[in-house]
Amino acid sequence: MTRRIAAWLAVAVVAVAVLAVRPEPATGAAAATCPSPAPAAKTILTVGDSITEGATMQGSVSPSYRAELGRLLDAACIPHTFAVGALGGTTCGYWSSRMASLVTTHRPDVIVLACGTNNNLSAASAEQVATFEATYRGLLDTALDLDPDVIVWPTWVQYSAGRPTPACAAGGGLPGPAWLPASEAKVNDAIYRAVRVVDEFGRRVPGWIDLQSIPEGYLDECGVHPTPGGYDVMGRLIFNTIAASLVTPPQAPLPCGLTGRRPGGQVPNWIPCQQMAVN
């Protein structure tokens, strides 16, 4: 997840593409009966690092969480397309000079902003933490200033094991650095403050997506990127959180996983998404 991982993945340019994701319904699931004519498609811009990109420790790139998110949006009769701005190893600062172009090019209805995992704040001073927070707020300000209708959903960065494993070493992967767990708590606290402490955004930044609540069992053998099942859980958590901002009238989020938990808190009653009525 560091910059050396980005180099190892050999990704030379940022991936910025519009994808139409239309996964097949789950086996045995009834096809949705959607209204006709269908409403206008919503454009969802997903911005982030290798997790958003869909990279694994083997260097592959996939639809990431967008496959499951797209399936759920289809089932909810919400037409959509995805725009992707993602590059492995990048920090939030990388997107500071690129957010304006992403917004003006794709004119998204919703932005899912998932940066911060690569920002090492584990031993950061108060000044360095404040700089990160200002950078993050700048990303929100840029998007909202350029598009008066866009809604931005920040995400808390997800848990990472931050340690090597024999399986990871045997597979030739690069283990997560030891600073990840300590950094994530500070990053998520800063994101929380950027969004809520000075709440100037109102309904245009309605809250955040709690990826920190995804348990370690959904990580790959190197303890950094999600497994395929982990990407499904991510997609479901994101759907649960943003669906209300994509439909009229708004709908209540589904009770899958946990939302609204402060960074660093315990997860005493985690309910796996596959046990909820979202399959």
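Everything here concerns the structure above.
Now for a look at the structure at hand.

Parameters at a glance
Residues numbered from 1 in each chain as written. Predicted model: local features only at pLDDT ≥ 70, side-chain atom pairs only at ≥ 80, totals over all residues. Heavy atoms only, no water. Disulfide = S-S within 2.5 Å. Helix = DSSP H or I, 4+ residues; strand = E, 2+ residues; numbered from the N terminus. Phe/Tyr/Trp six-rings, centres within 6.5 Å; stacked < 30°, edge-to-face > 60°. Buried < 20%, exposed > 50% of the residue type's maximum accessible area, 1.4 Å probe, protein only. Expected span 1.5 Å × (residues − 1). Arc of directions from axis to C-beta. Salt bridge = Lys/Arg side-chain N within 4 Å of Asp/Glu carboxyl O. Pairing = 2+ DSSP bridges. Axes fitted to C-alpha atoms, helices over the stretch in contact; angles between N-to-C directions. Parallel < 35°, antiparallel > 145°, perpendicular 65-115°, else oblique. Left-handed = near helix turned anticlockwise from the far one by under 90°. Contact = heavy atoms within 4.5 Å. Nonpolar A, V, L, I, M, F, W, Y, C, P; charged D, E, K, R; others polar.

Remarks on the state of the cysteines
One pass over the structure, following the stated rule, counts two disulfides. Each sulfur of the disulfide joining C34 and C77 lies 2.2 Å from the other. Around the S-S axis, the bridge from C34 to C77 shows a dihedral of about -80° and counts as left-handed. You can see C34 sitting in the loop between β1 (15-19) and β2 (42-48) and its partner C77 sitting in the loop between α3 (66-75) and β3 (80-86), a full 43 residues away along the chain. With a sulfur-sulfur separation of 2.2 Å, C92 is cross-linked through a disulfide to C115. Taking the torsion about the S-S bond as the criterion, the C92 to C115 disulfide, at about 105°, is right-handed. Taken as a pair, C92 in the loop between β3 and α4 (99-106) and C115 in the loop between β4 (110-114) and α5 (126-146) lie far apart in primary sequence, 23 residues in all.

Section: the packing of aromatic side chains
In the structure shown here, the tally under the stated rule is four aromatic pairs. Relative to W208, the ring of Y192 has its centre 5.2 Å away and its plane inclined at 75°; by these criteria the two rings are edge-to-face. Here Y192 is found in helix α7 (residues 180-197), whereas its partner W208 is found in the loop between α7 and β6 (209-210), with 16 residues between them in sequence. For Y192, a relative accessible area of 22% corresponds to the partly exposed category. Classification of W208 as buried rests on a relative accessible area of 14%. Taken together, the ring pairs connect W156, Y192 and W208 into an aromatic cluster.

Re α5
Along its 21 residues, α5 runs 30 Å from first to last C-alpha, staying within 8% of the 30 Å computed at 1.5 Å per residue. The complete set of buried residues in α5 reads V129, F132, E133, Y136, R137, L139, L140, A143 and L144. Each buried residue of α5 lies within a common arc of 140° when the element is viewed along its axis, so the set occupies one face. Exposed and facing more than 90 degrees away from the buried side of α5 are E127 and D145.

Concerning unusual backbone geometry
Peptide bonds are mostly trans, and most non-glycine residues show a negative phi. For the bond from S36 to P37, the omega torsion is 0°, close enough to zero to count as cis. Mapped onto the secondary structure, P37 falls in the loop between β1 and β2. We note that S64 has phi near 60°; this positive angle belongs to a residue other than glycine. Mapped onto the secondary structure, S64 falls in the loop between α2 (50-53) and α3. Overall, S64 belongs to the buried group, its relative accessible area being 6%. Backbone geometry places R107, a non-glycine residue, at a positive phi of 45°.

Digging into the pattern of salt bridges
Tallied over the entire structure, the rule returns three salt bridges. Across the pair E68 and R236 runs a salt bridge, and its minimum N-O distance is 2.8 Å. Residue E68 is located in helix α3, and its partner R236 is located in helix α8 (residues 228-242); the two are separated by 168 residues in the primary sequence. You can call E68 buried: its relative accessible area is 6%. Here E133 makes a salt bridge to R193, at a shortest N to O gap of 2.9 Å.

What to know about the environment of L237
Within the secondary structure, L237 is located in helix α8. For L237, a relative accessible area of 2% gives the class buried. Residues L237 and I214, 23 residues apart in the sequence, show an inter-C-alpha distance of 9.0 Å.

Points about the pairing of β4
Extensive coverage of β4 is indicated by the burial of five of its five residues. Alternating positions in β4 separate into two faces, V110, V112 and A114 on one and I111 and L113 on the other, with burial throughout. Here β2 pairs with β4 via five bridges, running parallel. Across the sheet, T46 pairs through a bridge with V112, a residue of β4.

Let's talk about the packing of α3 against α8
Interaxial distance between α3 and α8 falls to 7 Å at its minimum, and their mutual angle equals 45°. With respect to their mutual orientation, α3 and α8 come out oblique. Like other packed secondary-structure pairs, α3 and α8 cross with a definite hand, here right-handed. Residues E68, L69, L72 and L73 of α3 form the contact with α8, whose own contacting residues are D232, G235, R236, I238, F239 and I242. The residue makeup of the contact of α3 with α8, split by class, is six nonpolar, one polar and three charged.

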